[in-house]
Amino acid sequence: MVDAYSRQFYIPFHLATLQFFRQVKARLAADGLLAMNVSSAGADSRLMRALRATLRGVFAHVYTTRIPGAPNYMLLASDRAPTFQGQGTAVPAFREDRGGDASRALTDDRAPVEFMTDRELLENR
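Reading guide: rules and limits
- Residues numbered from 1 in each chain as written.
- Predicted model: local features only at pLDDT ≥ 70, side-chain atom pairs only at ≥ 80, totals over all residues.
- Heavy atoms only, no water.
- Helix = DSSP H or I, 4+ residues; strand = E, 2+ residues; numbered from the N terminus.
- Buried < 20%, exposed > 50% of the residue type's maximum accessible area, 1.4 Å probe, protein only.
- Areas by Shrake-Rupley, 256 points an atom, 1.4 Å probe, with all protein chains shown as cover.
- Contact = heavy atoms within 4.5 Å.
- Axes fitted to C-alpha atoms, helices over the stretch in contact; angles between N-to-C directions.
- Nonpolar A, V, L, I, M, F, W, Y, C, P; charged D, E, K, R; others polar.

Attention shifts here to the overall build of the protein. Counting its secondary structure elements, the protein contains 3 helices and 4 strands. Going residue by residue from the N terminus, the α and β elements of the protein occur as α-β-α-β-β-β-α. Burial statistics for the protein: of 125 residues in total, 42% are counted as buried. When the accessible surface of the protein is summed, it comes to about 7,200 Å², and 50% of that surface belongs to carbon and sulfur atoms.

The next point concerns the environment of A81. Mapped onto the fold, A81 is located in the loop between strand 3 (72-78) and strand 4 (95-97). Looking at A81, the relative accessible area reads 48%, which means it is partly exposed. Separated by 50 residues in the primary sequence, A81 and D31 place their C-alpha atoms 8.9 Å from one another. Residues within four places of A81 in sequence aside, it is in contact with H61 and Y63.

Moving on, we get to the packing of helix 2 (residues 46-56) against helix 3 (residues 113-123). At a minimum axis separation of 9 Å, helix 2 and helix 3 run at an interaxial angle of 145°. Taken together, the residues of helix 3 that come into contact with helix 2 (itself represented by R46, L47 and A50) are V113, F115, M116, T117, R119 and E120. Of the residues assigned to the contact of helix 2 with helix 3, the class counts are 5 nonpolar, 1 polar and 3 charged.

So this is what it looks like as structure tokens:
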């Protein structure tokens, strides 16, 4: 679970790059699942698209859901398609991201996470 930025909107950029997610994947079991909490103005914001593109660069499956009553989303990533058996009504269904947008993956050399977050905050006041 990646949730190292409690009570703030800014994700530390080094926790959102291909290099970071590759290190996470190397430590997961073969059927392991990464879960990441993200504060964002919308599922299709520039930040969310960049994060999904980055996760797709490392994992075979990427899923998104909005957390009810909060400006947060949960991203899941895994090499094995998870089953969502028993998923109750408290959390909406996860939808799989299959790419399709032209967002670039974030890297240690290029991760304008703070800029993307600032832009979201300014545009959604």
